[in-house]
Amino acid sequence: MKKIITLIILVVIIIACSSENKKETSQLNLEKYPSELAEVFKAHGSLDAWQQNKTLLFTKGEENYTVDLNSRKSIIESSNYTVGYNGEEAWLMEKDSAAFKGNPDFYHNLFFYFYAMPFVLADDGIKYSETEPLVVDGKTYPGIKIAYQDGVGASSKDNYYLYYNKDTHQMEWLAYTVTFFDNKPKDQTSVIKYDSWQVVSGIKLPKTLVWYAKDSLGNVVAPKDKSPVTFTKVSLNTNTLDSKTFEKPN
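Here the structure is a predicted model, which means the values were calculated and not measured.

Trainee: Explanation requested: the overall build of the chain in the structure shown.
Mentor: Broken down by element type, the chain carries five helices and 13 strands. Every one of the 250 residues in the chain was classed for burial, and the buried ones make up 41%. Entry remark: accessible area of the chain is about 14500 Å², with carbon and sulfur atoms responsible for 50%.

Trainee: Help me out: how do you make sense of the pattern of salt bridges in this one?
Mentor: It is possible for side chains bearing opposite charge to pair when their charged atoms get close. Under the defined criterion, the tally for this structure stands at three salt bridges. As a salt-bridge pair, aspartate 123 and arginine 72 come within 2.8 Å of each other at their nearest N and O atoms. With a gap of 51 residues between them, aspartate 123 in the loop between α5 (110-115) and β6 (126-136) and arginine 72 in the loop between β2 (63-68) and β3 (74-77) connect regions that are remote in the sequence. Aspartate 123 gets classed as partly exposed once you look at its relative accessible area, which sits at 23%.

Trainee: When you look at a negative patch on the surface in this model, what are you seeing that I'm missing?
Mentor: Side chains of Glu88, Glu89, Asp105 and Glu247 sit close together on the surface and give a patch of like negative charge. In this structure, glutamate 89 sits in the loop between β4 (81-85) and β5 (90-94). Residue classification places glutamate 89 among the exposed positions, given a relative accessible area of 52%.

Trainee: Sorry, what's going on with the environment of lysine 54 here?
Mentor: Along the chain, lysine 54 turns up in the loop between α3 (47-51) and β1 (55-60). Given the relative accessible area of 24%, lysine 54 is considered partly exposed. For the pair lysine 54 and valine 67, spaced 13 residues apart in sequence, the C-alpha separation works out to 8.5 Å. Contacts of lysine 54, omitting those with residues within four sequence positions, involve Val67, Asp68, Leu69, Asn70, Asn237, Thr238, Asn239 and Thr240.

Trainee: Sorry, what's going on with the side chain of lysine 60 here?
Mentor: By the secondary structure assignment, lysine 60 is in strand β1. Filtering out sequence-adjacent residues up to four positions away, lysine 60 remains in contact with Tyr65, Tyr107, Phe111, Val229, Thr230 and Phe231.

Trainee: Help me understand unusual backbone geometry in this model?
Mentor: Excluding glycine, a negative phi dihedral is what most residues carry, and trans is how most peptide bonds are arranged. Going from methionine 117 to proline 118, the amide bond is cis rather than trans, its omega being 0°. Assignment of secondary structure puts proline 118 in the loop between α5 and β6. Despite not being glycine, aspartate 137 has its phi angle at roughly 50°, a positive value. Secondary-structure assignment places aspartate 137 in the loop between β6 and β7 (139-148).

Trainee: Can you walk me through the packing of aromatic side chains in this structure?
Mentor: Both the distance between ring centres and the angle between the ring planes are used here to describe each pair of aromatic rings. All told, the structure shown has 21 aromatic pairs when counted by the stated rule. Measuring from centroid to centroid gives 6.1 Å for phenylalanine 41 and phenylalanine 119, while their planes differ by 15°, and the two rings are stacked. Of this pair, phenylalanine 41 sits in helix α2 (residues 35-43) while phenylalanine 119 sits in the loop between α5 and β6, and the two are 78 residues apart along the sequence. Neither phenylalanine 41 nor phenylalanine 119 differs from the other in exposure class; each is buried. Summarising the aromatic geometry, the rings of tyrosine 113 and tyrosine 160 are spaced 5.4 Å apart at their centres and angled 45° between planes, so their arrangement reads as tilted.

Reading the values: the criteria
Residues numbered from 1 in each chain as written. Predicted model: local features only at pLDDT ≥ 70, side-chain atom pairs only at ≥ 80, totals over all residues. Heavy atoms only, no water. Helix = DSSP H or I, 4+ residues; strand = E, 2+ residues; numbered from the N terminus. Buried < 20%, exposed > 50% of the residue type's maximum accessible area, 1.4 Å probe, protein only. Areas by Shrake-Rupley, 256 points an atom, 1.4 Å probe, with all protein chains shown as cover. Salt bridge = Lys/Arg side-chain N within 4 Å of Asp/Glu carboxyl O. Patch = residues over 30% accessible without salt bridge, like charges linked within 9 Å, V, L, I, M, F, W, Y side chains within 5 Å. Lys, Arg positive; Asp, Glu negative; His and termini not counted. Charge placed at Lys NZ, Arg CZ, Asp CG, Glu CD. Contact = heavy atoms within 4.5 Å. Phe/Tyr/Trp six-rings, centres within 6.5 Å; stacked < 30°, edge-to-face > 60°.

Interpretation in functional terms is not warranted from these geometric data alone.
Below, the structure is given as structure tokens:
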């Protein structure tokens, strides 16, 4: 009887130790990110909570997006065309040759990247550094510069500049360069105001984005287009979709 009791105790201890070790190894290491960026992640629901999700769905205008958050495979469906990325190449299907105006290689993850800010800035191959704060209408927003190691992504010469509220650490602005088409570094940036947010499954995600213009001195001025880009029908879930979802139909 004593041997049985001893055996049971040993099994319980082993299971407890195993669970504790698993818990420790699953903890996210935030030390590899700048402390300010770690605070931004926290203000938006935490990077750990974001990474527990596997699939993101949202709607922008007439486009319905489905994204695998691990592989970044994606599909964008509208009434006149479908753009997809199967992990190796982007593809396009359209009802007529004028239905889609753009480049599938460039477009398939464009709005996903803007939408999944700030969490996509935790990707591998990113270099972080300080940047000058952004001043808009007399208010100062501290910033973090994001650059990429050579060969990372389709446009490794792109730069992003995240600007946040210094009191709440909520993301407020994003400046970015586009080097996809000529692969040349740029100094000129476009600027987005993260105008409003929505909470989905405990994660703070954008609701509306507004593109702003710059004056001749580089100061951020009135919106470039008064019509915001609005995101609706947003959902996050922990289920991974079949990879066939992202393949081009025959």
